[in-house]
Every structure is written in structure tokens, then in C-alpha cells.
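Listed below, chain by chain, are the residues.
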Amino acid sequence: MPIKIPDALPARAVLESENIFVMTENRALRQDIRPLRIVILNLMPTKVATETQLLRRLSNTPLQIEIDLLQTSSHVSKNTSEEHLASFYKTFDQIRGRRYDGMIITGAPVENLTFEEVDYWPELCEILDWAHKNVYSVLNICWAAQAALYYRYGIPKYPLEKKMFGVFRHRVLDYTEPLLRGFNDNFSAPHSRHTEVRAQDIAKHPELRIIAESDVAGVYIVMRQDGREFYVTGHSEYDADTLAREYFRDKEKGLDIDLPVNYFPNDIPTMHPPVTWRSNSTLLFTNWLNYYVYQTTPFDLERL
């Protein structure tokens, strides 16, 4: 799928070098079709890396996608330049009058805080309320999944004794679910989190169901029955070296961090980790775009 992005976005050169089809704004103007409109609320401190990872995953269907990158105005990013944010990101005030086919909300490194302690929590709640009426389907990732489940359904998060860190095996629970179409019965996905949500709390809400889980990592994918909300507790969008960079970063800070599980060959951190989750990660985003965005969103977004 061609992704419509600004000509100067740093991700463009990276994606083109990987033979991924991206479309500049100038070229997109010459195509007489309505692109899917996707907004990405990027809460990660490494915004350039995260936007590149997500754009890579959104690049595998024959549809044109128009991306808006969104930041919170109530939090000042310390790891991304003001120039980059000013050039490529919008604030909620700038997009609140728009409607979108789909939305992705990323994780954030704030798990050890209560939700209410996060400085942009009120703004995030306002965005979630807005998305409920102005976005057809929302895909929440990692901390965002926990935050949205808490805000919408009162489902709590629980601290883990040890960080869930590595690549874990998962299993499909519903083989008829279109989001998981093409998945192997068992598949891998990365996790990097200090908290979890639990199946028994989710089971109290009949409008939700768990469609994939892990014996070790627990709940993996939760969906609302109508396909308008998805909650993914891991990071299938991660690059091969993302967990390695997190591990070495924490080691340099002197933090007590274990090796990521099932990641480095023979647990030797100098060896390059193989990617064992790429195919199902691609399917996850492609299936979401196809079955829960493109196939179901009204052509006229004003009818949402």
C-alpha cells in the first residue's frame, strides 16, 4: 500500500531503502481516490523510530493511506527535536474537527505511574472520548491498551514482579477472527512492560473478548465485539534491534535488567537477534486495515 507522507519526513528515506512503497503528497494529489485517513498518537519518546516502525507495518495492502501524526500538547518531548514536531506533528486542537477511518495509539514509558499521575492523562482521556465519535476503529498498543481499558471499562493494571521483556510465544484463541486471519496457531511477539492486565477482569465485560494470549506473557490481544476497539499488550511493530537498544540503554544506566527472553542467540548479547515476529506483525496491521477499517468505514466520513 502506498502511504501518503510528507516529502521530507525522515521515515521516507528509510522505508524507500527497504523497498517499501511510499507516496509523497505531490504524487498523491494526482490520484482520484479517497485514501484511508489514519491518525497516529505517538506517545513514545523515540518518536522518529516509532513512526518509522508503524509506517513500515502499514505498507502492505493496495490502498492509499493518509497519515496524520499527533502529539500531546500537555507534555514536552525531551527526545525529539522541536523542529521535527513542528514540521510533522499536529496537536489535538488542530485535528479535533476531523474524522478518521482509523487511529493508532502507541505505548509510553510511564507504566510505573498510576494513570492519573501521567501529566497528559486528562488530554489522553479527552482524545479517547473524541475518538469514540470521530474514529471508526482504534488500535491501542502496550501502555495505551492498558490505559484505554482502564478509562473505558475500569480494568486495572497490575505491577509485575519482573519486567516482561523479550519475545514470547502466543496462541490464537479464535480461528474465525478476521484480525488473526493467516496467523499460525502459535506465533511470536515482543513485550517490554512492567505491568499487565488480567483475563479475569476482562471477562467481566461481555462487550470485550480475548482473541490471543500467551502462557507466559498473558493477555495479548483484546477486541471489542464490534471491531471498533483493539488492545494489543505487546510490541509487534518493534524492529530487530529495539529490545537490544532498550537492554543496553538500561545497562548503561546501571539498572537491574535481565537479558530479553528468547531474543539474543544463545543469550549472547553481542549476537544479532533474528526477527521471529515479522510476518504475524504485518498480518496484524494489514488485517486491521482491511477488515476493520477499509471494509467497514463509510466512504463519507461525515456519516460516522
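Residues numbered from 1 in each chain as written. Predicted model: local features only at pLDDT ≥ 70, side-chain atom pairs only at ≥ 80, totals over all residues. Heavy atoms only, no water.

### A short note on the confidence of the model for the protein chain
Just so we agree on the cut-off: Residue-level confidence of the predictor is summarised by pLDDT, bounded by 0 at the bottom and 100 at the top. Pairs of residues are marked as contacts when any of their non-hydrogen atoms sit within 4.5 Å.
In this model, the protein chain carries an average pLDDT of 90, and 92% of its residues clear a pLDDT of 70 or more. Contacts from residues 28–32, a stretch scored under 50 in pLDDT, to residues over four places away or in other chains number five contacts.

### Quick word on empty space enclosed by the protein
Stated precisely, the cut-off is as follows: Using only the protein atoms, space was sampled on a 1 Å grid; points where a 1.4 Å probe fits but cannot get out form cavities, open sets with protein on both sides within 12 Å along at least five of seven lines form pockets, and lining residues are those with an atom within 4 Å of a point. Grid points are joined across faces, edges and corners, and a volume is the space filled by probe spheres set on the points. Each helix is a run of H or I in the DSSP string that is no shorter than four residues. Each strand is a run of E no shorter than two, and both are numbered from the N terminus. Residue polarity is assigned by list, with Asp, Glu, Lys and Arg as charged and Ala, Val, Leu, Ile, Met, Phe, Trp, Tyr, Cys and Pro as nonpolar; anything else, Gly included, falls into the polar class.
On inspection of all chains with the given rule, the structure shows three cavities of 30 Å³ or more. There is about 90 Å³ of room inside the largest cavity. Taken together, 13 residues make up the lining of the largest cavity; nearest its centre are H132, V138, R152, R228 and E229. Those elements that provide at least two residues to the lining of the largest cavity are α6 (121–134), β7 (135–141), α7 (143–153) and β12 (229–232). The element that contributes the greatest number of residues to the lining of the largest cavity is β7, accounting for four residues. Broken down by class, the residue content of the lining of the largest cavity amounts to seven nonpolar, two polar and four charged.

### So, the side chain of T72
Tracing the sequence through the fold places T72 in the loop between β4 (65–70) and α4 (82–88). Leaving out residues up to four positions away in the same chain, T72 has contacts with L41, L43, Y120 and E123.

### Section: the side chain of R57
Applicable threshold: Think of it in three bands: with a 1.4 Å probe and only protein chains considered, a residue is buried below 20% of the maximum accessible area for its type, exposed above 50%, and partly exposed in between. Think of it this way: Lys and Arg go in the positive column, Asp and Glu in the negative one, and His and the chain ends go nowhere. Think of a salt bridge as a Lys or Arg side-chain nitrogen and an Asp or Glu carboxyl oxygen that are within 4 Å of each other.
Along the chain, the position of R57 falls in helix α3 (residues 47–57). This buried residue, R57, is left without a salt bridge; D239 holds the nearest opposite charge, at 5.4 Å. If we skip the residues at most four places from it in the chain, R57 touches S236, E237, Y238, W277, R278, S281, T282 and F285.

### A few points about the state of the cysteines
The criterion, for reference: We call a pair of cysteine sulfur atoms a disulfide when they lie within 2.5 Å.
Throughout the structure, instances matching the rule amount to zero disulfides. C125 forms no disulfide, and the closest cysteine sulfur to it belongs to C142, at a distance of 18 Å. For C125, a relative accessible area of 9% puts it in the buried group. Given a relative accessible area of 4%, C142 falls into the buried group.

### Considering the pairing of β7
Here is the rule we go by: DSSP-based pairing: two strands are paired if at least 2 bridges between them are found.
Burial within β7 is extensive, with seven of its seven residues counted as buried. Alignment of strand β6 (residues 100–105) against β7, held across five bridges, turns out to be parallel. In the strand pairing of β7, M103 is matched with V138. When β7 meets β12, the two strands line up parallel, connected through four bridges. Within the sheet, the bridge partner assigned to N140 lies in β12 and is Y231.

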